[in-house]
Amino acid sequence: MWDDAFPSFLIGLREGLEAGLIVSILVATLVRAGAKSRLPQVWTGVLAAIALAMSFGAVLTFTAASLSATAQESFGGTLSIIAVAFVTAMVFWMRRSARSLSGEIKEKVTGALAMGSGMLIVTSFLAVGREGLETALFLWTTARAAGESVGPMIGAGVGLVIAAGLCWGLYRRVLKINLTKFFTATGAVLIVIAAGVLGYGLRDLQEGGVLPGKAAFAFDLSQSIDPSAWYTTLVQGVFNLMPAMTWLQVIGYAGYLAIVMTLFVRGVRTAAKPAPKPAPAPAAQPNGEQAPVAKDGAAEVASAEEGPAEGETADGDAPETQPTAQPESESASESASESASESAGAGRKRPAWLVPVAVVAVPAVVAGGIVAFGTSKPAGAPTIAVSEKECGKGFTAPKPGRQTFQMQNTGDKTSEVYLVDPGTNAVYGEIEGLAPGTTRDLVATIAGGSYAWRCVPTGGKAVTSAAVRVSGGGGAKAVVPVAEQDLAAPLRAYKQYVDHGLATLTDQTQKLSDDLAGDDLDAARTDWLTAHRTYSSLGAAYGTFEDFDKKINGRADGLPDGVHDKDFTGFHRIEYGLWHGASAAELSGPAQQLHDDVVGLRKAFPTQAFDPGDLPLRTHEILENTLQFELTGDTDEGSGSNLATADANLAGTQELLNVLRPLIAKREPQLLASIESDIARMQKLLDDAHHDGTWTPVEKLDATTRQRLNGVTGQLLEHLAPVPDLLEIRKSA
């Protein structure tokens with residue numbers, strides 16, 4: 001859990017120390033000015049700031065929970081970008097202000113004392129409130145990125161507690177810290193963390209449809225690294241770096257890090273240069289004493305009992321500054337002023353607890369109002385219960401047309417919920433992963449017919465509500481559900497195709513091994529490509545092949561020694577050797593190992609679990625990987641045959657669509673026609689790159705052809721995207 005806790009720990013420590021220093025300086029300044037009676041006003045402002053920060057966090061949490069899945073992605077991504085902006089501004093502000101923080105706060109306190117108690121509350125509230133809001137926003141963002149709140153909250157709590165202890169130590173003069181160095185070091189780390197938050201936020205905006213490039217991956221190491229390894233979770237939790245990142249994420253991460261870190265380091269170096277002219281004489285304070293000057297980034301914190309103590313200077317010594325006695329005339333004047341104020345307000349004295357309670361309660365009440373009304377259901381939208389016991393409670397016959405339903409999970413299990421025609425099981429709308437106690441919108445178009453709700457709790461039994469009848473209205477589009485038995489025949493057909501392909505592949509890898517044993521490198525290059533194309537055409541079964549896929553077709557990405565690593569095996573290992581001058585003797589061992597792995601896969605395949613639900617998913621994923629890897633040249637180890645692999649992937653997709661054709665045609669015949677048209681266009685472009693048995697390398701395509709190929713593939717992926725939803729297995733009552 002530490003990997004998720006560290007970013008929040010750091011933000012809690014930094015923001016807590018900033019806020020704590022401000023409070024300490026406020027308190028110390030009042031004590032030294034002989035105005036201890038004003039301390040409750042400081043604590044009132046601090047409590048109000050804490051209440052505001054907590055209320056802001058509640059608003060973020062409940063607002064996000066009431067949004068649809070797509071809207072949640074957009075909402076979270078937007079707030080992530082805002083959080084990065086706030087953290088960046090905070091880092092630069094503290095780098096500039098560490099030296100003069102004490103003087104600035106004391107000036108504000110002096111002005112507040114002259115203007116009355118209300119201004120002192122406002123001063124402390126504003127001084128602490130900014131840190132509180134920044135902390136709430138950043139914690140919400142990091143918790144959402146982590147997918148859980150326990151780790152981030154523990155990290156933030158530990159950071160805040162340590163910050164409070166440090167501030168107490170500075171105030172009591174039992175601790176010495178060079179604040180400039182502290183905020184500089186933590187600022188540099190926070191910039192790196194903020195870059196990760198920016199990348200995560202950009203991905204959210206892509207998932208929400210706000211930004212393009214959702215499928216344009218710069219790299220994908222998910223097949224090369226262990227996602228559950230400690231180092232993987234550490235990197236993901238601390239830096240928000242994922243095994244797969246889009247080009248937009250990479251550009252945003254690298255661009256932010258390069259620009260902001262450069263400016264930050266440059267500013268630190270500039271600030272480190274000695275001042276060209278002597279510091280001006282300290283200004284006189286209202287009480288007649290001279291303002292102490294903190295050295296080298298020290299923020300002054302004066303102890304009430306032990307005299308003034310300043311934040312540690314560069315050499316570790318606290319400046320010796322003694323308080324000057326307050327002039328008698330000013331003290332008398334202040335006493336007279338306070339007496340006059342008390343006399344004037346004697347007749348309207350209010351309870352001492354009234355203001356603190358009010359300033360704490362107001363933010364909470366406002367937040368409650370925002371949660372209650374700002375995230376409330378649309379006018380007229382009914383709330384429908386989702387659970388095993390109350391499925392469909394609150395559902396009455398809706399009016400025809402586009403309707404919004406508020407689906408509220410009243411049970412104790414995460415559930416899926418479908419709006420169905422109970423007679424045909426056709427699905428008009430659905431929500432997946434509705435957590436207990438949460439509410440989300442379901443929008444559906446209602447026409448004449450029969451409607452009911454189907455609730456499917458995780459690990460529970462599907463329950464269908466009573467049906468209602470709707471009269472009138474136009475047509476409403478519904479998805480005919482797919483049961484597991486509907487995919488049984490396509491799965492059998494596809495497994496036969498794969499089994500036949502593996503038999504062919506076994507003969508081809510044996511021939512490749514024989515070529516190398518006979519020292520025929522030219523024949524080996526030809527037979528390598530033939531065998532690799534056969535394997536690539538079996539793409540829908542990759543997830544079933546388990547560890548065999550990594551042995552047979554694994555890449556060097558992520559391996560310690562890259563292409564020279566001992567664990568780099570299979571087709572790409574042989575490809576690298578064949579096109580980088582390796583001898584036949586050097587490649588005979590890897591070729592024999594490849595053949596043995598293919599034989600092992602063929603033997604194991606009939607007993608491997610093949611989820612029928614994977615078939616619809618692979619219709620999109622095969623060519624998504626093609627666009628990401630083959631059409632970028634990412635998997636080329638020297639053969640220049642990426643387009644040949646893309647051609648094989650397209651053939652594999654066509655075979656998969658053939659076995660699923662009856663199910664797709666029954667539900668979306670026009671979609672099938674669009675897919676077939678796109679496949680023909682993509683095939684034509686690939687054929688044009690194939691001349692006399694030679695394939696044009698991706699990097700040698702002219703810009704226009706490459707752009708057309710990427711565009712056609714992207715269009716095909718858009719038309720394939722609905723297939724997994726169209727053929728998703730849905731549990732019926």
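These lines cover the structure that appears in this document, whether it is placed above or below.

### Thoughts on the overall build of the protein
Then, in step 1: The secondary structure content of the protein amounts to 21 helices and 14 strands.
Then, in step 2: When the 733 residues of the protein are sorted by exposure, 48% land in the buried category.
Then, in step 3: Of the roughly 33700 Å² of accessible surface on the protein, a fraction of 59% belongs to carbon and sulfur atoms.

### Structural notes on the packing of helix H12 (residues 488-517) against helix H16 (residues 584-604)
In a pair of packed helices, the angle between the axes and the distance between the axes together describe the arrangement.
Then, in step 1: At their nearest, the axes of H12 and H16 sit 8 Å apart, and the two run at 165° to each other. The angle between H12 and H16 places the two elements in the roughly antiparallel class. For the element pair H12 and H16, the recorded crossing hand is left-handed. Contacts between H12 and H16 involve Leu 502, Ala 503, Leu 505, Thr 506, Thr 509, Gln 510, Leu 512, Ser 513, Leu 516 and Ala 517 from the first element and Ala 584, Leu 587, Ser 588, Ala 591, Gln 592, Leu 594, His 595, Val 598, Val 599, Leu 601 and Arg 602 from the second.
Then, in step 2: For the contact of H12 with H16, the class distribution of residues is 13 nonpolar, 7 polar and 1 charged.

### Re the side chain of Ser 80
Then, in step 1: Summarising the element assignment, Ser 80 is placed in helix H3 (residues 69-97).
Then, in step 2: Beyond its immediate sequence surroundings of up to four residues, Ser 80 is in contact with Thr 141, Val 197, Tyr 200 and Gly 201.

### A look at helix H17 (residues 614-628)
Then, in step 1: Under the 1.5 Å per step criterion, the end-to-end length of H17 is 20 Å for 15 residues, consistent within 8% with the ideal 21 Å.
Then, in step 2: For H17, a buried count of 12 out of 15 residues is recorded, marking the element as mostly surrounded by other parts of the structure.
Then, in step 3: Inspection of H17 places Asp 614, Leu 615, Pro 616, Arg 618, Thr 619, His 620, Ile 622, Leu 623, Glu 624, Thr 626, Leu 627 and Gln 628 among the buried residues, and these make up the whole buried set.

### A short note on a nonpolar patch on the surface
Then, in step 1: A contiguous nonpolar patch, built from Val 150, Ile 154, Val 158 and Ile 162 and spanning about 300 Å² of accessible area, is present on the exposed surface.
Then, in step 2: By the secondary structure assignment, Ile 162 is in helix H6 (residues 150-171).

### Observations concerning the sheet that holds strand S6 (residues 401-409)
Then, in step 1: The sheet built from 3 strands is open, its strands ordered S5-S6-S9 with mixed pairing. Whereas interior strands pair on both sides, the edge strands pair on one side only; in this sheet they are strand S5 (383-386) and strand S9 (439-446). Strand-to-strand twist of the sheet, defined as the mean angle between neighbouring strand axes without regard to direction, takes the value 35°.
Then, in step 2: Pairing of S6 with S9, which is carried by 8 bridges, proceeds in the antiparallel orientation. The residue of S9 that forms the bridge with Met 407 is Arg 440.

### Considerations on the packing of helix H13 (residues 521-536) against helix H15 (residues 571-578)
Then, in step 1: The interhelical angle for the contact between H13 and H15, taken along N-to-C directions, is 150°, at an axis separation of 11 Å. Our classification of the angle between H13 and H15 gives roughly antiparallel. Pair H13 / H15 crosses with left-handed handedness. Listed contacts from H15 to Leu 521, Ala 524, Arg 525, Trp 528, Ala 531, His 532 and Tyr 535 of H13 are Phe 571, His 572, Ile 574, Glu 575 and Leu 578.
Then, in step 2: Partitioned by chemical class, the residues of the contact of H13 with H15 number 8 nonpolar, 2 polar and 2 charged.

### As for H13
Then, in step 1: For H13, with 16 residues, the first-to-last C-alpha span of 22 Å sits near the 22 Å given by 1.5 Å per residue.
Then, in step 2: Looking at H13, one finds that the buried residues are Ala 523, Ala 524, Asp 527, Trp 528, Leu 529, Ala 531, His 532, Thr 534, Tyr 535 and Ser 536.
Then, in step 3: Contacts made by the buried residues of H13 are with H12, helix H14 (547-553), H15, H16, helix H18 (642-667) and strand S14 (694-695).

### Focus: the pattern of salt bridges
Then, in step 1: Following the criterion strictly, the structure yields 13 salt bridges and no others.
Then, in step 2: Between Arg 618 and Glu 621 there is a salt bridge, with the nearest N and O atoms lying 2.8 Å from each other. Within this pair, Arg 618 and its partner Glu 621 are both found in helix H17, separated by 3 residues, close to a single helical turn.
Then, in step 3: Judged by its relative accessible area of 12%, Arg 618 falls in the buried class.
Then, in step 4: Taken together, the shared-partner salt bridges in this structure form one network comprising Arg 555, Asp 557 and Asp 634.

### Considerations on unusual backbone geometry
Then, in step 1: Of note in the backbone geometry, Asn 425 takes a positive phi value of approximately 65° without being a glycine.
Then, in step 2: Relative to the helices and strands, Asn 425 is located in the loop between strand S7 (415-420) and strand S8 (427-434).
Then, in step 3: For Asn 425, a relative accessible area of 24% translates into the label partly exposed.
Then, in step 4: Positive phi values are uncommon outside glycine, yet Asp 519 reaches one of about 60°.

### Focus: the nonpolar core
Then, in step 1: Phe 545, Leu 643 and Leu 660 are the most contacted members of the largest nonpolar core, which has 66 residues in total.
Then, in step 2: Tallying contributions element by element places H18 first for this core, with 10 residues.
Then, in step 3: Each residue touching Leu 643, except ones within four places of it in the same chain, is listed here: Leu 631, Leu 686, Ala 689, Trp 695, Thr 696, Val 698, Leu 701 and Leu 709.

### Quick look at the side chain of His 595
Then, in step 1: As for its position among the elements, His 595 is in helix H16.
Then, in step 2: Taking relative accessible area as the criterion, His 595 reaches 9% and is therefore assigned buried.
Then, in step 3: In this structure the side chain of His 595 is engaged in a polar contact, spanning 3.4 Å, whose partner is the backbone oxygen of Thr 506.
Then, in step 4: Ignoring any residue separated from it by four or fewer positions in sequence, one finds His 595 in contact with Thr 506, Thr 509 and Gln 510.

### Re the pairing of strand S10 (residues 449-457)
Then, in step 1: By the criterion of burial, S10 is predominantly enclosed, with 9 of the 9 residues buried.
Then, in step 2: Of the two faces of S10, the one holding Gly 449, Tyr 451, Trp 453, Cys 455 and Pro 457 and the one holding Ser 450, Ala 452, Arg 454 and Val 456 are both buried throughout.
Then, in step 3: Pairing of S7 with S10, which is carried by 6 bridges, proceeds in the antiparallel orientation. Across the sheet, Glu 416 pairs through a bridge with Val 456, a residue of S10.
Then, in step 4: Relative to strand S12 (residues 468-470), S10 runs antiparallel, the two being bridged by 3 bridges. Along S12, the bridge assignment pairs Gly 449 with Val 470.

### Considering the environment of Leu 79
Then, in step 1: Among the structural elements, Leu 79 can be located in helix H3.
Then, in step 2: A residue is classified by how much of its surface remains accessible, and Leu 79, at 11% relative accessible area, is buried.
Then, in step 3: A C-alpha to C-alpha distance of 9.2 Å links Leu 79 and Leu 60, two positions 19 residues apart in sequence.

### Some remarks on the packing of aromatic side chains
Then, in step 1: Within this structure, the stated rule accounts for 12 aromatic pairs.
Then, in step 2: Taken together, a centroid distance of 5.9 Å and an interplanar angle of 90° make the contact between Phe 92 and Phe 264 edge-to-face. With a gap of 172 residues between them, Phe 92 in helix H3 and Phe 264 in helix H9 (residues 247-272) connect regions that are remote in the sequence.
Then, in step 3: Centroid distance Phe 395 to Trp 453: 5.5 Å. Interplanar angle 75°. Geometry classified as edge-to-face. Of the two residues, Phe 395 is situated in the loop between S5 and S6 and Trp 453 in strand S10; the sequence distance between them amounts to 58 residues. Like Trp 453, Phe 395 is buried.
Then, in step 4: One aromatic cluster is present, formed by Trp 528, Tyr 535, Phe 545, Phe 571, Trp 579 and Phe 605 through successive ring pairs.
Then, in step 5: Sitting above the plane of the Phe 548 ring, Lys 551 keeps its charged end 5.5 Å from the centroid.
Then, in step 6: Looking at Arg 555, its charged tip hangs above the ring of Phe 629, at a distance of 4.4 Å from the centre.

Thresholds, definitions, all that
- Residues numbered from 1 in each chain as written.
- Predicted model: local features only at pLDDT ≥ 70, side-chain atom pairs only at ≥ 80, totals over all residues.
- Heavy atoms only, no water.
- Helix = DSSP H or I, 4+ residues; strand = E, 2+ residues; numbered from the N terminus.
- Buried < 20%, exposed > 50% of the residue type's maximum accessible area, 1.4 Å probe, protein only.
- Areas by Shrake-Rupley, 256 points an atom, 1.4 Å probe, with all protein chains shown as cover.
- Axes fitted to C-alpha atoms, helices over the stretch in contact; angles between N-to-C directions.
- Parallel < 35°, antiparallel > 145°, perpendicular 65-115°, else oblique.
- Left-handed = near helix turned anticlockwise from the far one by under 90°.
- Contact = heavy atoms within 4.5 Å.
- Nonpolar A, V, L, I, M, F, W, Y, C, P; charged D, E, K, R; others polar.
- Expected span 1.5 Å × (residues − 1).
- Patch = residues over 30% accessible without salt bridge, like charges linked within 9 Å, V, L, I, M, F, W, Y side chains within 5 Å.
- Salt bridge = Lys/Arg side-chain N within 4 Å of Asp/Glu carboxyl O.
- Pairing = 2+ DSSP bridges.
- Core = buried A, V, L, I, M, F, W, Y, C linked by side-chain atoms within 4.5 Å.
- Polar contact = N/O pair within 3.5 Å; in protein donor to acceptor, adjacent residues only side chain to side chain.
- Phe/Tyr/Trp six-rings, centres within 6.5 Å; stacked < 30°, edge-to-face > 60°.
- Lys NZ or Arg CZ within 6 Å of the ring centre and 35° of its normal.

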